[in-house]
Amino acid sequence: MTAATTSVTTTAPPPGPISRPVASGPAWLARDCWTEATRHLIATVRNPDLLVFATIQPIMFVVLFVYVFGGAIVVPGGSYVQFVVPGIFAQTVLFGSAFTGIGIAEDMSKGFIDRLRSLPMYPSAVLIGRTLSDLVRNIFTFLIMLAVGFAVGFRLEGGVVDAAVASLLLLGFAYAFSWVQALLGLSVKSVEAANSAGFVWMFPMTFVSSAFVATGSMPGWLQAVADVNPFTIVTNAVRALYNGQDPGADLWYSIAWAAGITVVFAALAARRFASRSRG
Amino acid sequence: MNPTPSPPPAVTEPATEGRHALRAAGEPARSSPAPPASGPDVAVVAEGLVKRFGATEALRGVDLEIRRGTVLGVLGPNGAGKTTAVRILTTLLRADGGRAWIDGIDVATHPRAVRARIGLTGQYAAVDERLTGFENLRLVGRLFHLPNGESKERARALLDRFDLADAAGRPVKGYSGGMRRRLDIAMSLIGRPSILFLDEPTTGLDPRSRLDMWSLIEGLVAEGTTTLLTTQYLEEAERLADDIVVIDHGRVIEHGTPAELKRRIGGERVAVTVGRPPELALVPGALGSVLTPGAEPVVDEEALTVEIPVAGSDGVVPAVVRLLDAAGIEAHDVAVRRPTLDDVFLELTGHAAEDGGDDR
């Protein structure tokens, strides 16, 4: 580590016998983030149940929509598998972001966040490390879902580059929502509350969208809501890319949404985390 | 409440009170801009700390000091403000009024520099259950910015020392309450803190684990770790602390050494139960030589019991029995009663130690 080390000057009396400079600089920030991320990754590898349950539900959705509802739903373009599987991908990674809020609420309820806040580490590394480890977990879930998609007949019709862009877009969107969940997790008082607060708005957000049906089939007022839903925009962009079509402006809108949400909610969550006014 | 805005220069308070250098809240403010007592031998200074949570005033002007290498016991019932004071001193909360310094560093303005000098063990064992004991320690060592090798080495040494070496490789999920608490304290020591904060370290432990925890803390103290210990147990404060402050409703209501405090509240009492009412009045006279001079006996005529403060508890029961025999008083029962937190509060405030609900 070649990070710069700054010592703190105070106007107070000479410090006690131990002179301990506070390490700072981007290399220490990165090291703190990495340390925190590995804490969660070790735990995930050691308790894979959570990962298993996180994939069972989307697999059931794939089966349900492709084989149960699929025959009755008519979508533009013809193939319902090619239509719905990208939508379920988007829903899966978005739901995956909920682990961020639940995990933070759990750390808070057990007093672990207080322990971390009493250490000379970078406070922001607690949230960055957590969201990065959840991103890794989401990548893993996404790869499983990709395999499930292939098993039910989903194909990448737009080539490898388009598919890669679509996948990065999905993960970036989920990462942005990890910060929304982080803020929720910091704001609620219990793990149960984090669980409900994390999911209650994601159900309408993912179902009142183009993920499962074309929005044109909805009543007018609902269609208006669905069409401005960022989840619709992202789903449309990745669906187009996976199917070899031009995503058009949806691609740029999606990127803007992901970036905007990340910036705004990371700032809010960081401020909430560092706040020393609450009990 | 004297939120002096000026920084404290290194001035040592004249040692007018002998070995303990605590000041009570509500003492007349020194002529401004007078500095708080400080200097190289004072590790922690808090001055007029005020904290409100909505309409609740958790702290109403708390002053305290910890001399380097000593243990300050902060004694008080639930909800008295002990934890709030600890949270302010450990940078987790910002005070609404007053100031505090750790090793001369202002906790409000330089929180990270303060964090590099403290170890905190909160009321609940703050351990990551999913990781092993060793991983927990190494994690905190890394976040304390120790070099990798050193954090591993310290982790091993602390596991050995706290009798956790055998469990080091097991996830903490399977640890007992006492083991978790020991690991928690080990985690707060990994960065070799200058000041250790222990917030109710024995609350919720079984008696056996509590005794273990006491000898562990005594070991740390013997090595000269400056410590702030909060507790609801008078016995614990007496045993571990060099100085005690008693907090009630967000104020320091008493301060002194355990011996001074004990003197003030009368120390141990002996309760003598007699066979016949007329004997009750004879008991204090018969026991003259073991009584605390000037202490008032408490007579319960229905229970036929006289309760009297005694000077010391060693061998007091045999002495009392002999004296009663010599006076020809037939004692049915002789018991020694240690003062409890309730006695302290009755004595100091005239009310019992109320349970104020959640200690914030």
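Computed from a predicted structure; not experimentally measured. (Residues numbered from 1 in each chain as written. Chains lettered and ligands numbered in written order. Predicted model: local features only at pLDDT ≥ 70, side-chain atom pairs only at ≥ 80, totals over all residues. Heavy atoms only, no water.)

A. Empty space enclosed by the protein, seen in detail. Counted under the stated rule, the structure contains 2 cavities of 30 Å³ or more. In this model, the second largest cavity occupies a volume close to 40 Å³. Contributing to the lining of the second largest cavity are R115, S118 and L119 of chain A together with I118, G119, L120, F144, M187 and S188 of chain B. For the lining of the second largest cavity, the elements supplying multiple residues, two or more each, are β6 (118-121) and α5 (177-189) of chain B. At 3 residues, β6 of chain B tops the list of elements feeding residues into the lining of the second largest cavity. (1 Å grid on protein atoms, 1.4 Å probe; cavity = no way out; pocket = protein on both sides within 12 Å on 5 of 7 lines; lining within 4 Å. Points joined across faces, edges and corners; volume = space filled by probe spheres on them. Helix = DSSP H or I, 4+ residues; strand = E, 2+ residues; numbered from the N terminus.)

B. Structural view of the packing of helix α3 (residues 133-143) of chain B against helix α4 (residues 148-161) of chain B. Residues and elements named next belong to chain B. Viewed as axis vectors pointing N to C, α3 and α4 meet at an angle of 135°, and their least axial separation amounts to 9 Å. On the basis of the axis angle, α3 is oblique to α4. The two elements α3 and α4 meet at a crossing, and its hand is right-handed. Here α3 contributes G133, F134, L137, R138, G141 and R142 to the contact with α4, which in turn contributes N148, S151, K152, A155, R156, L158 and L159. Tallied by class, residues from the contact of α3 with α4 come to 5 nonpolar, 4 polar and 4 charged. (Axes fitted to C-alpha atoms, helices over the stretch in contact; angles between N-to-C directions. Parallel < 35°, antiparallel > 145°, perpendicular 65-115°, else oblique. Left-handed = near helix turned anticlockwise from the far one by under 90°. Contact = heavy atoms within 4.5 Å. Nonpolar A, V, L, I, M, F, W, Y, C, P; charged D, E, K, R; others polar.)

C. Main features of the pairing of strand β13 (residues 305-309) of chain B. Residue and element names in this part refer to chain B. Counting buried positions along β13 yields 4 of 5 residues, so the element is predominantly enclosed. Pairing geometry for strand β11 (residues 269-274) and β13, over 5 bridges, is antiparallel. Looking at β13, one finds that T273 is bridged to T305. Examined bridge by bridge, strand β12 (residues 298-300) and β13 share 3 bridges and lie antiparallel to one another. Bridge pairing in β13 links V298 to E307. Here β12 hands over to β13 after 4 residues, with L304 in that stretch at a positive phi of 55°. (Buried < 20%, exposed > 50% of the residue type's maximum accessible area, 1.4 Å probe, protein only. Pairing = 2+ DSSP bridges.)

D. A look at the sheet that holds β12 of chain B. Residue and element names in this part refer to chain B. If you trace the 4 strands from one edge of the open sheet to the other, you get β12-β13-β11-β14, paired in antiparallel fashion. Because the sheet does not close on itself, it has two edges, and the strands there are β12 and β14 (331-337). Between one strand axis and the next, the sheet turns through 15° on average, direction left out of account. As defined by bridge partners, β11 adjoins β14 across 6 bridges and the pair is classed as antiparallel. Across the sheet, residue V272 finds its bridge partner in β14, namely V334. Those strands touched by helix α10 (residues 316-326) are β11 and β14, and its axis lies near 150° from that of β14.

E. Focus on the sheet that holds strand β2 (residues 56-67) of chain B. All names here are of chain B. The sheet built from 4 strands is open, its strands ordered β2-β1-β4-β5 with antiparallel pairing. Two strands close off the open sheet at either side, each with one partner strand: β2 and β5 (105-106). Pairing between strand β1 (residues 42-53) and strand β4 (residues 97-102): 5 bridges, direction antiparallel. Its bridge partner lying in β4, E47 is registered against R99.

F. Molecular detail of the pairing of strand β8 (residues 226-231) of chain B. Residues and elements named next belong to chain B. Along β8, 6 of the 6 residues are buried, which leaves the element largely enclosed by surrounding structure. Here β8 shows two buried faces, one formed by T226, L228 and T230 and the other by T227, L229 and T231. With 5 bridges joining them, strand β3 (residues 71-75) and β8 adopt parallel strand pairing. Within the sheet, the bridge partner assigned to V71 lies in β8 and is T227. As a crossover connection, the stretch from strand β7 (residues 195-199) through helix α6 (residues 207-222) into β8 is right-handed. (Right-handed = clockwise from strand over helix to strand, strands pointing away.)

G. Summary view of the packing of aromatic side chains. Residue and element names in this part refer to chain A. Tallied over the full model, the rule gives 20 aromatic pairs over all chains. With centroids separated by 5.4 Å and ring planes inclined at 75°, the aromatic side chains of F89 and F142 adopt a geometry described as edge-to-face. Taken together, the residues span a long stretch of sequence, with F89 in helix α3 (residues 80-96) and F142 in helix α6 (residues 124-151) at a distance of 53 residues. F89 gets classed as buried once you look at its relative accessible area, which sits at 1%. (Phe/Tyr/Trp six-rings, centres within 6.5 Å; stacked < 30°, edge-to-face > 60°.)

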